[in-house]
Amino acid sequence: MDTIYITGGRPLAGTLAVQGSKNAVLPILAATAAIPGRFVLGNIPSIEDVRVTRALLEGLGLQLCALEDQITVDSRGPIRSAPDPELAGRLRSSVLLLGALLARLGRAEIPLPGGCVLGERPLDLHLAALKSLGVRVRLEEKRLLCTGRPKGGTVILPYPSVGATENLILAALGASGPVRLIGAAREPEIQDLADFLTACGAKLSGAGTPCLRIEPAPLQGAEHRILPDRMEAASWLCAAAATGGTLRLTDLCPDQLCPVLHVLRQAGCEIQAGEHDLTLRAASLHAPGAIVTGPYPAFPTDAQATVMAALLRASGSTLFRETVFADRFRHVPALCAMGARIETAGDLARVRGVPALHGAEVRATDLRGAAATVIAALAAEGKSVIHDAWHLDRGYGHFIERLQLLGAEAFAE
Ligand code: UD1
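Described below are features of the structure shown in this document.

1. A closer look at the packing of helix α1 (residues 22–34) against helix α4 (residues 96–105)
- Viewed as axis vectors pointing N to C, α1 and α4 meet at an angle of 20 degrees, and their least axial separation amounts to 7 Å. One element, α1, and the other, α4, form an angle in the roughly parallel class. The handedness of the crossing between α1 and α4 comes out as right-handed. Residues Pro 27, Ala 30, Ala 33 and Ala 34 of α1 lie in contact with α4, whose contacting residues are Leu 96, Leu 97, Ala 100, Ala 103 and Arg 104.
- For the contact of α1 with α4, a count of residues per class yields eight nonpolar, no polar and one charged.

Written out as structure tokens, the structure is:
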């Protein structure tokens with residue numbers, strides 16, 4: 001998908017089943033490299049990040065077979081310790097193969113795409129934690145070489161990094177003794193990884209709390225159904241809210257969306273949540289209180305851009321503070337090109353509601369920023385053209401079909 005064309009101004013309405021979680025399936029696929037076995041994974045989203053991860057695993061020697069929303073993985077044969085550099089460079093989560101390969105082989109050679117991994121999105125927490133478990137880490141020009149099977153011990157993470165927590169859990173599967181992880185991230189996707197590993201025989205306790213414990217145990221293949229994608233759900237809810245629509249979502253866990261639902265309710269949306277479904281009805285919106293992103297259970301950084309897009313026409317002004325990633329307001333110029341009034345300064349962005357947005361020709365900058373740009377275009381009067389729409393393929397399956405299903409006038413080429 002290169003370019004999306006949208007004629008905005010129509011309220012979205014209808015029912016959607018939420019896809020499986022991108023951020024849960026990627027570490028779970030990486031985990032299949034750590035454990036020799038046969039795995040059946042269900043509720044797999046049809047997204048580019050999964051396709052790249054499949055190719056990465058096949059390159060390591062695993063056998064994968066995809067059918068509809070299910071992937072079967074056979075990792076019982078010999079596997080290699082060096083993922084393909086081109087594929088690994090396309091995906092930040094390829095770094096999770098570090099923990100998985102260390103657990104299985106005691107060696108991992110992870111390509112560094114152009115050096116930017118250690119700059120913009122560093123790996124210092126991953127590496128310091130692995131070193132404290134006795135792993136030798138050597139940073140070369142284009143790759144990270146890690147050797148040695150982790151030993152048991154206590155690891156302290158000074159910040160609850162999602163990726164570092166997942167890498168540590170995976171590495172600990174091959175450790176010679178129990179590993180305690182203090183300061184772990186508590187995202188639901190980590191709980192899903194823990195549930196999968198427990199089904200494989202892992203002795204893992206404390207997932208969902210800051211203190212995890214993993215003990216050595218014999219491991220084998222297992223079946224697992226991937227958790228619903230709370231970020232995809234948040235995006236569709238924001239699209240409905242921005243357009244004054246009515247949306248029913250099924251196959252999701254509303255409890256995991258609490259901070260997003262809270263903000264949308266404060267803004268005036270009526271939301272009724274069941275155990276695995278929810279219905280949102282939007283009318284005219286007003287600015288909710290300040291929104292501050294943070295590690296789970298705080299407001300998720302991955303919903304910052306889409307919620308911002310939903311509030312562009314809300315009366316009053318909304319202050320956003322982004323504490324997780326520097327430089328995560330890259331969607332703002334595209335929203336402003338559609339008539340939004342947003343001022344940014346460092347980690348702050350203030351949105352002043354405008355009565356109307358207008359269509360514009362803009363460029364998507366990143367996955368969630370692209371979703372925010374689409375949401376603004378849906379709420380705008382007239383036609384918009386969104387270039388670099390391929391960002392959406394990374395995390396949203398059947399995106400245009402689903403938009404059309406909800407009544408949007410949108411097509412892609
Ligand atoms: C994961 C998610 C991403 C989400 C993010 C935060 C996946 C595939 N991606 O990314 O969608 O936005 O969690 O919820 O699950 N940091 C360091 N040093 C490190 C590691 C991280 O400084 O060694 C910093 C990062 O630069 C960032 C912050 O910590 O500023 C959070 O990063 P982290 O929680 O690791 O996010 P990811 O695992 O990359």
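From this point, the discussion proceeds with the structure in view.
2. Some points on the pattern of salt bridges
- Counting across every chain of the model gives 21 salt bridges.
- Residue Arg 248 pairs with Asp 277 through a salt bridge whose shortest N-O separation is 3.2 Å. In this pair, Arg 248 is assigned in strand β14 (residues 246–250) and Asp 277 in strand β16 (residues 277–281), connecting sequence segments 29 residues apart.
- With relative accessibility at 34%, the residue Arg 248 sits in the partly exposed group.
- Here Arg 363 and Asp 388 are joined by a salt bridge, their closest N and O atoms 3.1 Å apart.

3. Some thoughts on the packing of α4 against helix α6 (residues 162–172)
- Between α4 and α6, whose axes approach to 7 Å, the crossing angle comes to 10 degrees. In terms of orientation, α4 and α6 fall into the roughly parallel class. The segment α4 lies against α6, with Leu 96, Leu 98, Gly 99, Ala 100 and Ala 103 engaging Gly 163, Glu 166, Asn 167, Leu 170 and Ala 171.
- For the contact of α4 with α6, the residue count by class is six nonpolar, three polar and one charged.

4. What about the environment of Thr 301?
- By the secondary structure assignment, Thr 301 is in the loop between β17 (291–292) and α10 (304–310).
- Put simply, Thr 301 and Gly 369 are 68 residues apart on the chain and 11 Å apart in space, counted from C-alpha to C-alpha.
- When sequence neighbours within four positions are dropped, the list of residues in contact with Thr 301 reads Thr 293, Glu 322, Val 324, Phe 325 and Arg 328.
- At 3.0 Å, the side chain of Thr 301 and the side chain of Glu 322 are in polar contact.
- Within the structure, the side chain of Thr 301 is placed 2.7 Å from the side chain of Arg 328, a separation counted as a polar contact.

5. Details of the site of the ligand
- As a structural note, the neighbourhood of the ligand is formed by 17 residues, with Asp 124, Leu 125, Ser 161, Asp 302 and Val 324 the closest of them.
- Residue Asp 124 places a side-chain N or O atom 2.6 Å away from a nitrogen atom belonging to the ligand.
- Within the side chain of Arg 328, one N or O atom sits 3.5 Å away from an oxygen atom of the ligand.
- Relative to its unbound accessible surface of 740 Å², the ligand loses 85% to contact with the protein.
- Broken down by element, the shell around the ligand gets its largest block of residues, three residues, from helix α5 (residues 124–132).
- Taken domain by domain, the makeup of the shell around the ligand includes at least three residues from each of domain 1 (3–19 + 228–412) and domain 2 (22–225).

6. Description of the nonpolar core
- Val 307 and Leu 403 are the most contacted members of the largest nonpolar core, which has 77 residues in total.
- Leave out the neighbours within four places in its chain, and Leu 403 touches Leu 12, Trp 236, Val 374, Leu 378, Ala 408 and Ala 410.
- One finds Val 25, Ala 33, Ile 79 and Val 95 within the second-largest nonpolar core, a separate group that totals 75 residues.

Definitions and cut-offs
Residues numbered from 1 in each chain as written. Predicted model: local features only at pLDDT ≥ 70, side-chain atom pairs only at ≥ 80, totals over all residues. Heavy atoms only, no water. Axes fitted to C-alpha atoms, helices over the stretch in contact; angles between N-to-C directions. Helix = DSSP H or I, 4+ residues; strand = E, 2+ residues; numbered from the N terminus. Parallel < 35°, antiparallel > 145°, perpendicular 65-115°, else oblique. Left-handed = near helix turned anticlockwise from the far one by under 90°. Contact = heavy atoms within 4.5 Å. Nonpolar A, V, L, I, M, F, W, Y, C, P; charged D, E, K, R; others polar. Salt bridge = Lys/Arg side-chain N within 4 Å of Asp/Glu carboxyl O. Buried < 20%, exposed > 50% of the residue type's maximum accessible area, 1.4 Å probe, protein only. Polar contact = N/O pair within 3.5 Å; in protein donor to acceptor, adjacent residues only side chain to side chain. Near = heavy atom within 4 Å. Areas by Shrake-Rupley, 256 points an atom, 1.4 Å probe, with all protein chains shown as cover. Domains from an automatic or database assignment. Core = buried A, V, L, I, M, F, W, Y, C linked by side-chain atoms within 4.5 Å.

Any functional reading would require information that these geometric values do not contain.
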